[in-house]
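Residues per chain, in single letters:
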Amino acid sequence: MIVTEAGDRYRFVTQPDHAALSARFARHWGGGDVVIPDPYVPFVVAAETHDQGWSDYDCRPRLDGDGDPVDFVAVDGDDWTDFYARGVDVAADVHPYAGLLVSMHAAGLRRGGYGVRTEILDPSDEAPYASFVDAQEARQEEFAAALDLPERDRETLDALHADGTAPGGAIRGDLWKHYLLLQALDSLSLYVCHSTRFETAEIGPVPIEGDDTTTLNVTPVGPATLRLNPYPFDVDALSATVPRRVVPTDADDLVGAYYDADVRRFEVTFVA
């Protein structure tokens, strides 16, 4: 559950709804020099299912020891690893390449984003994350073998598993580009879902044509309008809605108040 506190209200967005927003970005990705993922459908599957393991947990808000709702970044480690292991299974059941990307995403969340998400810590040598990362990286090797990935992609996986970063920090093959793009879409969706008010931001690295990357500069130009530079979508203006529930912070029964609240669809528009 993604929780933000705004004044005297809590705003709740479920992880699957956040992932669905990532998938909407993926379906309209293609403006300018950005990389259009190929294979396309498995990539969209990965974007849409990368947090599917949270679906049961997100049926209700949880409280911490201080009586505050538990945000997704503060979830117990054993629960977290269970969610993501199940999420990989969901994606892989649709397509093994989607399963590979979701596994890389999940393991990367506990390995500093494999060197590209500086805001993410690396607890990969701590329980319960160490065994989870080991299991997922072994599974990535199994996916790679079953998919008969090109040698460049296999070399990238070997380097990620050995060093936690891509070879020399460079893009190596399509798999790495697709991983980078999934991280960018995840970050852009979290920016929308987890902000109490929009402020300027940078999203990246984002793969573009060739072996280069760029940074998306996000600039609010209205209460719910965001300018992206460079503009990455295949339509002149992309609108998206985020389902969320708003609950008073002083509610005596948080779960009851959550289910009593109507789902509000917050709309945001991206422009060039």
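Residues numbered from 1 in each chain as written. Predicted model: local features only at pLDDT ≥ 70, side-chain atom pairs only at ≥ 80, totals over all residues. Heavy atoms only, no water.

A.B. asks: Mind showing me how you'd approach the sheet that holds strand E5 (residues 225–229) here?
C.D. replies: Read from one edge to the other, the open sheet built from seven strands follows the order E1-E2-E6-E7-E5-E4-E3, with strand pairing classed as mixed. The two strands at the open ends of the sheet, each matched to only one other strand, are strand E1 (2–6) and strand E3 (201–207). With strand direction ignored, the average angle separating the axes of adjacent strands in the sheet is 35°. When E5 meets strand E7 (residues 264–271), the two strands line up parallel, connected through three bridges. Note that in E7 the partner of Leu226 across the bridge is Phe270. Across the face of the sheet, helix H7 (residues 173–194) comes into contact with E1, strand E2 (9–13), E3, strand E4 (213–222), E5, strand E6 (237–248) and E7 while running at roughly 160° to E3. (Pairing = 2+ DSSP bridges. Helix = DSSP H or I, 4+ residues; strand = E, 2+ residues; numbered from the N terminus. Axes fitted to C-alpha atoms, helices over the stretch in contact; angles between N-to-C directions. Contact = heavy atoms within 4.5 Å.)

A.B. asks: Can you help me understand the packing of aromatic side chains in this one?
C.D. replies: In this description, a pair of aromatic rings is defined by centroid distance and the angle of the planes. Following the criterion strictly, the structure yields 19 aromatic pairs and no others. Judged by centre distance (5.7 Å) and plane angle (80°), the ring pair of Trp29 and Phe233 falls under edge-to-face. Of this pair, Trp29 sits in the loop between helix H1 (15–27) and helix H2 (40–49) while Phe233 sits in the loop between E5 and E6, placing them 204 residues apart in sequence. Note on accessibility: Trp29 and Phe233 belong to one class, buried. Seen in terms of ring centroids, Trp54 and Phe83 are 4.8 Å apart; in terms of plane orientation they differ by 45°. Their pairing is tilted. Note that Trp54 is positioned in the loop between H2 and helix H3 (77–94) and Phe83 in helix H3, a separation of 29 residues in sequence. Taking the relative accessible area as the measure of exposure, Phe83 reaches 4% and is therefore buried. (Phe/Tyr/Trp six-rings, centres within 6.5 Å; stacked < 30°, edge-to-face > 60°. Buried < 20%, exposed > 50% of the residue type's maximum accessible area, 1.4 Å probe, protein only.)

A.B. asks: What is the right way to look at the environment of Asp122 in this model?
C.D. replies: Take Asp122: it is sitting in the loop between helix H4 (96–108) and helix H5 (129–147). Judged by its relative accessible area of 44%, Asp122 falls in the partly exposed class. Separated by eleven residues in sequence, Asp122 and Arg111 have C-alpha atoms that sit 4.5 Å apart. Dropping the residues within four chain positions of it, Asp122 is found in contact with Arg110, Arg111 and Gly112.

A.B. asks: Got a minute to help me understand H4 in this structure?
C.D. replies: Residues three or four positions apart in an α-helix share a direction because the helix packs 3.6 residues into each turn. Here H4 is 13 residues long and its end C-alpha atoms lie 18 Å apart, about the 18 Å a rise of 1.5 Å per residue gives. Where burial is concerned, most of H4 is hidden: twelve out of the 13 residues are buried. Along H4, the residues classified as buried are Tyr97, Ala98, Gly99, Leu100, Leu101, Val102, Ser103, Met104, His105, Ala106, Ala107 and Gly108. Where the residues of H4 are buried, they touch H2, H3, H5, helix H6 (151–163) and H7. (Expected span 1.5 Å × (residues − 1).)

A.B. asks: I would appreciate a short explanation of the pairing of E3 in the present structure.
C.D. replies: Side-chain positions along a regular strand alternate between the two faces of the sheet. For E3 and E4, the ladder comprises five bridges, and the chain directions are antiparallel. Following the sheet pairing, Ile203 is matched in E4 by Leu216. Hairpin remark: E3 followed by E4, antiparallel, with five residues in the connecting loop; positive phi at Gly210, about 75°.

A.B. asks: Explanation requested: a negative patch on the surface in the structure shown.
C.D. replies: Taken together, Glu5, Asp64, Asp66 and Asp68 make up a surface patch of like negative charges. Look at Asp64 and you get partly exposed, because its relative accessible area is 33%. (Patch = residues over 30% accessible without salt bridge, like charges linked within 9 Å, V, L, I, M, F, W, Y side chains within 5 Å. Areas by Shrake-Rupley, 256 points an atom, 1.4 Å probe, with all protein chains shown as cover. Salt bridge = Lys/Arg side-chain N within 4 Å of Asp/Glu carboxyl O. Lys, Arg positive; Asp, Glu negative; His and termini not counted. Charge placed at Lys NZ, Arg CZ, Asp CG, Glu CD.)

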